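The residues making up each chain are set out below.
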Amino acid sequence: MTAPRIPAMDVLRGCAVMGILWMNITAFALPQSAYFNPAASGTLAPGDIAFWLSSLLLFDGKMRALFAMLFGASMLLLIDREEMAGRDGKRAQMVRAGWLFAIGIAHYLLLWWGDILMIYAVLSLFALAFVRQEPMALIKTAFLLFLLHFLLATGFISTVYAWSHAATAPGASAATREGFTTFMTSMTDPASPAIRAEIATYRSGFGMILQHKLGHFPGEWLWGFLFTGFDTLGFMLLGMAMLKLGFLTGKWPADQYWRTARHCFLIGLLPMAALAGWVIASDFAPLPAFGTALAWSFPFRIPLAVGWAALILWLIVRHRDHRLMARIGAVGRLTLSNYLATSLIMTTIFYGWGLGLFAHVRPALLPLFVLPAWAMMLLWSPLWTNRFAMGPAEWVWRSLYQGKPQKIRKSS
């Protein structure tokens, strides 16, 4: 037995998995520091700055938030489906999360360090405590979690600022100065030892890359979990509320979606543009760039993520029967397969065991890898869904948590 599809949510998932690649491409192709500050990739040309600006304003954190909202909503649908069949819905989600965590570990070790599946799997267990709450209670809890995330991020950035003052103060110890200088250069200077070592690692073979990841797991993952956990859980709960209110199902009037999108983008884009201007005016100094990416932009990601959802839903309601909507919906039905496939393709292109282009491509040229990947998703996904009930990765995941191979071909 499978859950009935909600076409609007499939389209939202398709947009999210395509949109998140626009951000992830930087982490596939360049050192990790470049994800926070493009100066870590070298001297910036206008095209590099334009790519960074589009990423910061439109994609950074927003697509991951949209994913989390849809994941939270999908949890409710799964639990309802299981309970309608007389089974324990929460237990089913726990088993499902366990296997998703296992898939995430494989993804992290064998393909890419930026895996989000393990984070979603763990946080979904915490989200189970809130599935019975009413929409307003879910929204209040979500914003409490957003506040905790913001306090954590700003607290960390504040310690970096304090470190900066301590390192430049008269009488500062040599160790303090050296440590701060090392941190700063690792955020901006592609010739720094840390960045050179990272480039050498990812231009090497599969075995050395795997050894590097094993050496940094689980510590590196735990740091990522710490700085994404509160906000991701908040967006999961927000997604549950949006499903219960009918927002995510495309049942609202088109003009209501449009008004929501307009207000959210007005609230979020102007301050985000001001932050971007500050970073550019600082010539991408480490503290403004890192602080903006990690903390200062976060309050405005919330309305922008909701704005993206509302804008996409407005387009769905207005153009429900358009062929492009059907193609994007097919991409969304194969979200896990498309997510893992992009990791396989991009690491093959950029890592040393493939074409070895890591740190050889300027940020301005990265869309040349994203746009063909989008075209491939839009091409193969409808062809697959016309013949099969689920994607190959979805089939593996569902077979694992159901405890037996699932039927993948559609009935004639």
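Structural notes, computed from the coordinates. Small disclaimer: the values here were computed from a predicted structure and weren't measured. (Residues numbered from 1 in each chain as written. Predicted model: local features only at pLDDT ≥ 70, side-chain atom pairs only at ≥ 80, totals over all residues. Heavy atoms only, no water.)

## Section: the overall build of the protein
Secondary structure assignment for the protein yields 18 helices and 0 strands. Taken over the C-alpha trace, the protein has a radius of gyration of 22 Å; the compact-globule value for 412 residues is 22 Å, and the two agree within 12%. Overall, the protein is about 75 × 45 × 40 Å in size when its C-alpha atoms are taken along their principal axes. Split into buried and exposed, the 412 residues of the protein put 53% on the buried side. Sequence separation of at least 24 residues holds for 78% of the intrachain contacts in the protein that already meet a minimum separation of 6. For the protein, the exposed area adds up to about 18,100 Å²; of that, 70% sits on carbon and sulfur atoms. (Helix = DSSP H or I, 4+ residues; strand = E, 2+ residues; numbered from the N terminus. Rg over C-alpha atoms; globule rule 2.2 N^0.38 Å. Buried < 20%, exposed > 50% of the residue type's maximum accessible area, 1.4 Å probe, protein only. Contact = heavy atoms within 4.5 Å. Areas by Shrake-Rupley, 256 points an atom, 1.4 Å probe, with all protein chains shown as cover.)

## Topic: empty space enclosed by the protein
Under the criterion given, the structure shown has 2 cavities of 30 Å³ or more. Space inside the largest cavity adds up to approximately 170 Å³. What lines the largest cavity is a set of 17 residues, among which Ala34, Tyr35, Pro38, Trp52 and Ser55 lie closest to the centre. Of all the secondary-structure elements, those providing two or more residues to the lining of the largest cavity are helix H1 (7-29), helix H2 (33-36), helix H3 (46-59) and helix H13 (286-296). The dominant element in the lining of the largest cavity, judged by the number of residues it contributes, is H3, at 4 residues. Tallied by class, the residues present in the lining of the largest cavity amount to 13 nonpolar, 3 polar and 1 charged. Approximately 50 Å³ is the volume found for the second largest cavity. Residue lining of the second largest cavity: Val17, Ile20, Leu21, Asn24, Phe28, Trp112, Asn338, Tyr339, Thr342 and Ser343, and that is the complete set. (1 Å grid on protein atoms, 1.4 Å probe; cavity = no way out; pocket = protein on both sides within 12 Å on 5 of 7 lines; lining within 4 Å. Points joined across faces, edges and corners; volume = space filled by probe spheres on them. Nonpolar A, V, L, I, M, F, W, Y, C, P; charged D, E, K, R; others polar.)

## Things to note about the packing of aromatic side chains
The final tally for this structure, using the stated rule, is 35 aromatic pairs. Judged by centre distance (5.6 Å) and plane angle (50 degrees), the ring pair of tryptophan 112 and tryptophan 113 falls under tilted. Note on tryptophan 112: relative accessible area 2%, which makes it buried. On the basis of an interplanar angle of 75 degrees and a centroid distance of 6.3 Å, the ring pair of phenylalanine 206 and tryptophan 353 is categorised as edge-to-face. Separated by 147 residues along the polypeptide, phenylalanine 206 in helix H10 (residues 206-216) and tryptophan 353 in the loop between helix H16 (335-350) and helix H17 (367-385) bring together distant segments of the chain. Residue tryptophan 353 is classed as partly exposed on the basis of its relative accessible area, which comes to 30%. (Phe/Tyr/Trp six-rings, centres within 6.5 Å; stacked < 30°, edge-to-face > 60°.)

## Considering unusual backbone geometry
A cis amide bond links phenylalanine 217 to the next residue, proline 218, at an omega of 10 degrees. Despite not being glycine, aspartate 283 shows a phi value in the positive range, around 60 degrees. Topologically, aspartate 283 is positioned in the loop between helix H12 (254-281) and H13. Looking at aspartate 283, the relative accessible area reads 64%, which means it is exposed. Even without glycine at this site, alanine 359 takes up a positive phi of about 65 degrees. Mapped onto the elements of the fold, alanine 359 is located in the loop between H16 and H17. By relative accessible area, which is 24% here, alanine 359 ends up partly exposed.

## Quick word on the packing of H13 against helix H14 (residues 298-318)
As a packed pair, H13 and H14 sit with axes 7 Å apart at the nearest point and diverge in direction by 55 degrees. One finds that H13 runs oblique with respect to H14. Of the residues in H14, those in contact with Thr292, Ala293, Leu294, Ala295 and Trp296 of H13 are Phe298, Pro299, Phe300 and Arg301. Of the residues contributing to the contact of H13 with H14, the split by class is 7 nonpolar, 1 polar and 1 charged. (Axes fitted to C-alpha atoms, helices over the stretch in contact; angles between N-to-C directions. Parallel < 35°, antiparallel > 145°, perpendicular 65-115°, else oblique.)

Treat this as a map of the structure, not an account of what it does.
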